[in-house]
Amino acid sequence: MSNQSAEQVRRAALSGFVGTWIEYFDFYIYGTLAALLFNEIFFDNLPPLIGTIAALATLAVGYLARFAGGAIFGHFGDRIGRKSVLLITLVMMGLSSGLIGILPTQTQIGLAAPLLLLLLRLIQGIAVGGEYGGAVLMTAEHASDRRRGLTTSLTLLGAPLGSLSATAAALILTSTLTEEQLMSWGWRLPFLSSFILLAVGIYIRARLEESPVFEAQEKASVDVPRKLPVVELFRKHGRSLYAGIGLQIGGLTAQGIFAVFILSHLPTLGYTRSQVLTGVLVGTVLVTLSTPLWGLLSDRFGRKAICMFGSVSSLVLAFPMFWVVNLESPGLLIAACMVYFPLCMATITSVSPTLLSELFPTEMRYTGVSLSYQLAATIGPGLGPVIAASLVAATGGNNYTVAGLLAVAGIISIVSLRFVPETRGSSLDSMKNTAEPAAGLESPGPEVSVAP
């Protein structure tokens, strides 16, 4: 909204940034350590490769739970407001992550250990599923129409910084601790820090004001029965939902492969853990630095143009990237990550959230943004590492099968973008969706209403 004060916009962006950083640090530290260590800590009775696949499967479960979180908290975010939901998701994430830090291992309590790990991972996934839509919307709905891409990207810095912090923490642990120290107690430290981060996040988010766009909608529709947002989303805005999912697949699949899968796979090719973590760390730094730039460029050239550039890059660079990986040169690996990460990942992750917020009307925007992203995240970074590990195992270690997976994901994004309208400069005050529903994509069904 253009009439918001600069202070309100800054506070919304800061709250979204800090909260998202905390939640994604918690979420990604699990992914990083699952790829590096959890096959030995929680699945030590399985062969190494099978144990790695099992550990990555628990990672995928977290992504599957994100869809449930997006649906649940999207519903309440559209009905009772963005602020309350953001506090709930933060508490859920902080507590579940901290409890992983005190979880006994399989050696100590047997089968109960991986089962408890799975339960806590489910809670993590549900929390992150509700976090994303709210954090994006709190900033986007405060920002001006002309600078929404840049302003929202400042909140989105929290996600790559969360990943960066997780990778840095893992690098420090693997570089400074012995193998015995790392396996016995060192892996617990990042999870235990979640208790401290939770207190900081609650303090910041408790001071946040409700979205002005949501408040305006509440005043305008105070006597109107509210339909279930998720039902209306599939009935009236199917095109926006399906296209929104597809356009993110290329960038998010690349994110999952290079933030998780290569951490467990490349050490089997001769790289050390520290070398792989350094490549991911450097690439993630460039993702962080380039996020505001891509947001700014989307305000200038359009959301679709930037997302299309990233999708094409993901397709074109997939096989060259794995050609470099197979050279087994740590220096070239780092150089390749410096190119691949900002071009194939940051372009999508820094712009698509703003585009998604402009595709849906206020009364179902939280649900629309959350489900679009979480479904894409389930397919891309959620299932991607498991599929990649399975492809490599099935082909006797052929890395180019993973490149093929990335290329297919890029093609899906390119095709999906053809069904998305350009949304740059649109107003979030409008109660109408920017995109017209496509015939045959929306699901006809009975209207479902609930009491306000």
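Everything below is about the structure shown above.
Residues numbered from 1 in each chain as written. Predicted model: local features only at pLDDT ≥ 70, side-chain atom pairs only at ≥ 80, totals over all residues. Heavy atoms only, no water.

At a minimum axis distance of 6 Å, the contact between helix H14 (residues 273-301) and helix H15 (residues 303-325) shows a crossing angle of 130 degrees. In terms of orientation, H14 lies oblique with respect to H15. Residue-level contacts link Trp 294, Leu 297, Ser 298, Asp 299 and Phe 301 of H14 to Arg 303, Ala 305, Ile 306 and Phe 309 of H15. Residues of the contact of H14 with H15, tallied by class, amount to six nonpolar, one polar and two charged. (Axes fitted to C-alpha atoms, helices over the stretch in contact; angles between N-to-C directions. Helix = DSSP H or I, 4+ residues; strand = E, 2+ residues; numbered from the N terminus. Parallel < 35°, antiparallel > 145°, perpendicular 65-115°, else oblique. Contact = heavy atoms within 4.5 Å. Nonpolar A, V, L, I, M, F, W, Y, C, P; charged D, E, K, R; others polar.)

For the structure on display, the rule yields three cavities of 30 Å³ or more. Taken as a whole, the largest cavity spans an internal volume of roughly 240 Å³. Tyr 28, Ala 159, Pro 160, Gln 255 and Thr 349 are the residues nearest the centre of the largest cavity, which is lined by 18 residues in total. For the lining of the largest cavity, the elements supplying multiple residues, two or more each, are helix H1 (6-41), helix H7 (158-176), helix H13 (238-265), H14 and helix H16 (330-349). Here the lining of the largest cavity is built from residues that sort into 12 nonpolar, six polar and no charged. (1 Å grid on protein atoms, 1.4 Å probe; cavity = no way out; pocket = protein on both sides within 12 Å on 5 of 7 lines; lining within 4 Å. Points joined across faces, edges and corners; volume = space filled by probe spheres on them.)

Our next topic: the nonpolar core. Residues Leu 37, Phe 38, Trp 187, Ile 257, Phe 258 and Tyr 340 are the most contacted members of the largest nonpolar core, which totals 108 residues. If you tally residues by element for this core, the top one is H1, at 15 residues. Contact partners of Trp 187, with chain neighbours within four places excluded, come to Leu 33, Leu 37, Phe 38, Ile 41, Phe 42, Ile 100, Leu 103, Thr 105 and Leu 182. (Core = buried A, V, L, I, M, F, W, Y, C linked by side-chain atoms within 4.5 Å. Buried < 20%, exposed > 50% of the residue type's maximum accessible area, 1.4 Å probe, protein only.)

Below, the discussion takes up H15. Spanning 23 residues, H15 covers 31 Å between terminal C-alpha atoms, matching the ideal 33 Å at 1.5 Å per step. Inspection of H15 places Arg 303, Ile 306, Cys 307, Gly 310, Ser 311, Ser 313, Ser 314, Ala 318, Met 321, Phe 322, Val 324 and Val 325 among the buried residues, and these make up the whole buried set. Buried residues in H15 make contact with helix H6 (148-156), H13, H14, H16, helix H17 (352-357) and helix H20 (400-417). (Expected span 1.5 Å × (residues − 1).)

Turning to the packing of aromatic side chains, a few remarks are in order. With the rule as written, the count across this model stands at six aromatic pairs. Consider the rings of Phe 258 and Phe 341, whose centres lie 6.2 Å apart with planes at 65 degrees: the pair is edge-to-face. Residue Phe 258 is located in helix H13, and its partner Phe 341 is located in helix H16; the two are separated by 83 residues in the primary sequence. One exposure class covers both Phe 258 and Phe 341, and it is buried. A cation over a ring is seen here: Arg 300 above Phe 301, with NZ or CZ 5.0 Å from the ring centre. (Phe/Tyr/Trp six-rings, centres within 6.5 Å; stacked < 30°, edge-to-face > 60°. Lys NZ or Arg CZ within 6 Å of the ring centre and 35° of its normal.)

Time to look at the side chain of Ser 357. Note on placement: Ser 357 falls in helix H17. A polar side-chain atom of Ser 357 sits 2.7 Å from the main-chain carbonyl oxygen of Thr 354. Apart from the residues lying within four places of it in its own chain, the contact partners of Ser 357 are Val 136, Leu 137, Ala 140, Arg 148, Arg 365, Val 369 and Leu 428. (Polar contact = N/O pair within 3.5 Å; in protein donor to acceptor, adjacent residues only side chain to side chain.)

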